[in-house]
Amino acid sequence: QVQLVESGGGLVQAGESLRLSCAASGSPGSLAGISAMAWYRQPPGDLRQLIAQTTPNNFTTFGKGANGRSAISTISGDNAKKMLYLQMNGLKPEDTARYYCKLHILRSDGLTDVVWGQGTQVTVSS
């Protein structure tokens, strides 16, 4: 079983920056099947939305959760350490949400397993 743990969230003032981290753990065989990793955000009482997804060959796609912040937010990964990062600069109160990491693992039978982390809370004050 593969597990994901997000970290780096907390209370920040508007205009500050934050870097979120996602660590994947499990057997080397399972981790070798990683086909994509992504960051999502979910404001209180709202839907969970994709921010961005990236692949081992660095193909990155942005989703509705980017909310026009693609220019100031950066997603990056480290295949060797099985880590995913989300750098957010110029945070606004609207960025307050719980941020989740998602992992896709390609099976030998061609099917894909999806793993979610528990999320990390980001709260931005005015």
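These numbers come from a predicted model, not from an experiment.

Draft legend 1. Seen up close, the state of the cysteines. Under the definition given, this model contains one disulfide. Here C22 engages in a disulfide with C101; their sulfurs sit 2.1 Å apart. Around the S-S axis, the bridge from C22 to C101 shows a dihedral of about -80° and counts as left-handed. Of the two residues, C22 is situated in strand β3 (residues 18-25) and C101 in strand β9 (residues 97-106); the sequence distance between them amounts to 79 residues. Given the relative accessible area of 0%, C101 is considered buried.

Draft legend 2. Molecular detail of the pattern of salt bridges. Enumeration over the complete set of coordinates arrives at three salt bridges. D78 is the partner of K81 in a salt bridge, and the nearest nitrogen-oxygen pair spans 3.8 Å. For K81, a relative accessible area of 53% puts it in the exposed group. For D78, a relative accessible area of 24% gives the class partly exposed. Connected via shared salt-bridge partners are R107, D109 and D113.

About the thresholds
Residues numbered from 1 in each chain as written. Predicted model: local features only at pLDDT ≥ 70, side-chain atom pairs only at ≥ 80, totals over all residues. Heavy atoms only, no water. Disulfide = S-S within 2.5 Å. Helix = DSSP H or I, 4+ residues; strand = E, 2+ residues; numbered from the N terminus. Buried < 20%, exposed > 50% of the residue type's maximum accessible area, 1.4 Å probe, protein only. Salt bridge = Lys/Arg side-chain N within 4 Å of Asp/Glu carboxyl O.

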